[in-house]
Amino acid sequence: MKYIIAIIKPHKLDEVREALTAIGVAGMTVSEVKGFGRQKGQTENYRGAEYSTNMVPKVKIEVACGLSEAPAIIEAIQAAAATGTIGDGKIFELDLSGATRIRTGDTGDMAL
């Protein structure tokens, strides 16, 4: 099993969700997060005053999947989230050693 974590721009969430649904992803977890990378923050205007923030708002998407589904999920996220500009985000792929569905006690791929 694999655990995929994607950090994307907030306005791309609906496109990514639609792309994942189209390839059969049954569930995901979405969190609003803040952070920075090469962008080093951003400059914003508030009531006519310009100020800098060192944390940029992002969305974190987490998907647990089988080994065979991981490449298609990563490709779908990358295609849907890309804008071609700095700050598009990152996708992380981790090995998932186990999963258990609380309601039924199913484990492994059956729990996904």
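Everything that follows concerns the structure shown earlier in this document.
Residues numbered from 1 in each chain as written. Predicted model: local features only at pLDDT ≥ 70, side-chain atom pairs only at ≥ 80, totals over all residues. Heavy atoms only, no water.

Structural notes on the overall build of the chain
Using the following cut-off: Here a strand is any run of E in DSSP of at least two residues, a helix any run of H or I of at least four, and the numbering for each starts at the N terminus. We call two residues in contact when some of their heavy atoms are within 4.5 Å. Only the protein chains shown count as cover for residues, with accessible areas throughout obtained via the Shrake-Rupley method and a probe of 1.4 Å.
Per the secondary structure count, the chain includes two helices and six strands. In sequence order, the secondary structure elements of the chain are arranged as β-α-β-β-β-β-α-β. For the chain, restricting intrachain contacts to residue pairs at least 6 apart in sequence, the fraction spanning at least 24 positions comes to 71%. Within the structure as shown, the chain displays about 7500 Å² of accessible surface, and the carbon and sulfur contribution to it stands at 52%.

Observations regarding the pattern of salt bridges
Let me state the cut-off plainly: What makes a salt bridge here is a side-chain nitrogen of Lys or Arg within 4 Å of a carboxyl oxygen of Asp or Glu, nothing more. Think of it in three bands: with a 1.4 Å probe and only protein chains considered, a residue is buried below 20% of the maximum accessible area for its type, exposed above 50%, and partly exposed in between.
All told, the structure shown has five salt bridges when counted by the stated rule. Residues Lys-2 and Glu-93 are paired through a salt bridge, measuring 3.5 Å at the closest nitrogen-oxygen approach. Within this pair, whereas Lys-2 is found in strand S1 (residues 2-8), its partner Glu-93 is found in strand S6 (residues 89-95), the two being separated by 91 residues in sequence. In this structure, Lys-9 and Asp-88 form a salt bridge, with 3.7 Å as the shortest nitrogen-oxygen distance. Of this pair, Lys-9 sits in the loop between S1 and helix H1 (13-22) while Asp-88 sits in the loop between helix H2 (70-81) and S6; the two residues are 79 residues apart in sequence, bridging distant segments of the chain. There is no split in this pair, since Lys-9 and Asp-88 are both buried.

Observations concerning the nonpolar core
Condition: Side-chain atoms within 4.5 Å are what join buried Ala, Val, Leu, Ile, Met, Phe, Trp, Tyr and Cys residues into a set we call a nonpolar core.
Membership of the largest hydrophobic core comes to 18 residues, with the highest contact counts inside it found for Ile-4, Ile-8, Val-16, Leu-20, Ile-61, Ile-73 and Ile-77. Those elements giving two or more residues to this core turn out to be S1, H1, strand S5 (56-65) and H2. Not counting chain neighbours up to four residues away, the residues in contact with Ile-8 comprise Leu-13, Val-16, Lys-58, Val-59, Ile-61, Ala-81 and Asp-88.

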